[in-house]
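Residue-level structure breakdown
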Amino acid sequence: MFSSIAPLARLNPFYAPHFQLAQDGVRKRAEPAEAPTTRRSLAAAAAAEEYSCEYGSLKFYALCGVGGVLSCGLTHTAVVPLDLVKCRMQVDPQKYKSIFNGFSVTVKEDGVRGLAKGWAPTFIGYSMQGLCKFGFYEVFKILYGNVLGEENAYLWRTSLYLAASASAEFFADIALAPMEAAKVRIQTQPGYANTLRQAVPKMFGEEGLWAFYKGVAPLWMRQIPYTMMKFACFERTVEALYKYVVPKPRSDCTKGEQLVVTFVAGYIAGVFCAIVSHPADSVVSVLNKEKGSSASQVLKRLGFRGVWKGLFARIIMIGTLTALQWFIYDSVKVYFRLPRPPPPEMPESLKKKLGLTE
C-alpha cells in the first residue's frame, strides 16, 4: 500500500522533507546510486565550457533580470485587452457581466482601439516587476541556499523556493505599484485619462505620491502568494515531470524538449496562481479606481462572491501568461548560454549518512 501511495504523494509540490527523505531511501536502494549522479556530473562538466558566465555571478543575475523584463513586460502587454475586460468586470459587474459581454460593450463604446487602453503603464510596470521578480529570485535562492547548506537546501527546497520568491516579489511590487495604479485608472474610469502622460500628472495633482503607492499593500497581498505559488509549483512540477513523465533525464533532452517541459510546468503553475491571488486582485482593481477607500472597506463591500468575479478570465490570462513567461525566461537563459542547473538531487554526503552508498 505504501509503495502505491508514495508516487501520488510525491507529486504534491509541498510534501514534507522527512517523507521525501524516506522515499528517496527506498528508491535509491532499488537503483544504482551512482549512475544518475555520474551521468549528470559528466554532462555538467561537458557543458561548463559553453556557459557565458558563472552561476551566481553579477552577469548571471543581470541577464536573468533581462529575461524577467522580456518575459513579464511582453506577455502582460500582449493580454492588455483581456486584462482590461477583467478589471472592468471587477469594478462594474452590472455593466460588464461576462468576458464576451465585456469585450462587446468595450468595442461598442470605445472601438477596437479601446481594448489597448493602459498598454504603456502595463509594459513599463511589468517590465520593472519582471526585472526584480526573476533577478532577485535567483539572488535569494542562492543566498538562502548557501545559508541552509547543501543538505538542508535539498531537504527543504520547497520552503527555499517559497522564501526566495516571496522576498523577490516584495521588491518587485514596489517597482510595479505606480504603473499599476495608473493602468487601473485609465482602464476603469471613463474620461479620466486615455494615456499614461495624461494620467500621471492628474493623479499626482489630486493625491500626491500616495496615489501611486496606496495600492502597494494589496499588491503584496495579491502578488506575494501568487509568486510563491508560481515559483514553488513550477520548480516542483518540473522536477515531477522529469521524474515521472519525461522518459529520459533532462541532460539527454534537447533544448527544445526542455523548453516544452518548461511551458507545460508553467501553465500548471499559472492555474494555481490565478486561484490563489484572485480575491486580492479584485480588491486592488476597485481600490485603485476609488478615492478614499481602504482595502478592508472594499473587501467588506464586495463580499465573498464579489471577490471571485472575473476568475475565469483571470485563469485564462494568468495560465497563459505564466506558461509564456517561463518559456521566454528559459529561452533567454538558453540564448545567453546561462547555467541552468538540473532538477535537484540528493547530495552525496546525505546519501552516505543514510547508508545509500558504500
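Residues numbered from 1 in each chain as written. Predicted model: local features only at pLDDT ≥ 70, side-chain atom pairs only at ≥ 80, totals over all residues. Heavy atoms only, no water.

We now examine the packing of aromatic side chains. Throughout the structure, instances matching the rule amount to 18 aromatic pairs. With a centroid separation of 5.0 Å and an interplanar angle of 65 degrees, the aromatic rings of Tyr55 and Phe60 are classed as edge-to-face. Lying across the ring of Tyr154, Arg157 places its NZ or CZ 4.4 Å from the centre. In this arrangement the basic side chain of Lys202 is found over the ring face of Tyr192, its NZ or CZ atom lying 4.4 Å from the centre. (Phe/Tyr/Trp six-rings, centres within 6.5 Å; stacked < 30°, edge-to-face > 60°. Lys NZ or Arg CZ within 6 Å of the ring centre and 35° of its normal.)

Per the UniProt record, the feature "transmembrane region" (unreviewed entry) sits at residues 259–280 and 311–329. Across residues 259–280, helical content stands at 100% and strand content at 0%; the span's end C-alpha atoms are separated by 31 Å. End C-alpha to end C-alpha, residues 311–329 measures 26 Å, and it is 100% helix and 0% strand. (UniProt positions renumbered as here; feature names shortened; annotations may be inferred. Helix = DSSP H or I, 4+ residues; strand = E, 2+ residues; numbered from the N terminus.)

Turning to its location among the elements, Leu311 is positioned in helix α15 (residues 311–335). In this view, Leu311 contacts Ala274, Ile275 and His278; residues no more than four positions away in its chain are not counted. (Contact = heavy atoms within 4.5 Å.)

Now for the pattern of salt bridges. Inspection of every chain in the model, using the stated rule, returns 19 salt bridges. Here Lys133 makes a salt bridge to Glu169, at a shortest N to O gap of 3.7 Å. A residue pair is termed long-range when its members are at least 10 positions apart, and Lys133 in helix α7 (residues 119–148) and Glu169 in helix α9 (residues 157–188) qualify at 36 residues. Taking the relative accessible area as the measure of exposure, Glu169 reaches 0% and is therefore buried. Here Lys183 makes a salt bridge to Glu180, at a shortest N to O gap of 3.7 Å. Of this pair, Lys183 and Glu180 are both found in helix α9, three residues apart, which corresponds to roughly one turn of the helix. A single burial state applies to Lys183 and to Glu180, both of which are buried. A single salt-bridge network, built from bridges that share partners, covers Asp83, Glu180, Lys183 and Arg222. (Salt bridge = Lys/Arg side-chain N within 4 Å of Asp/Glu carboxyl O. Buried < 20%, exposed > 50% of the residue type's maximum accessible area, 1.4 Å probe, protein only.)

Quick look at helix α6 (residues 99–110) now. Over its 12 residues, α6 extends 16 Å from the first C-alpha to the last, a length consistent with the 16 Å expected when each residue adds 1.5 Å. Those residues of α6 that fall on the buried side of the exposure criterion are Ile99, Gly102, Val105 and Thr106. Considered in projection along α6, the buried side chains sweep an arc of 130 degrees and stay on one side of the axis. Along α6, exposed side chains directed more than 90 degrees from the buried face belong to Phe100 and Lys108. (Expected span 1.5 Å × (residues − 1). Arc of directions from axis to C-beta.)

Among the surface-exposed residues, Val66, Leu70, Leu74, Trp119, Phe123, Ile124, Met128, Leu131, Tyr335 and Phe336 lie close enough to one another that they form a single nonpolar patch of about 920 Å² accessible area. Among the secondary structure elements, those contributing two or more residues to the nonpolar patch are α4 (58–78) and α7. Among the elements that line the nonpolar patch, the one with the most residues is α7, at five residues. With respect to the helices, strands and loops of the structure, Phe336 is situated in the loop between α15 and α16 (348–353). (Patch = residues over 30% accessible without salt bridge, like charges linked within 9 Å, V, L, I, M, F, W, Y side chains within 5 Å. Areas by Shrake-Rupley, 256 points an atom, 1.4 Å probe, with all protein chains shown as cover.)

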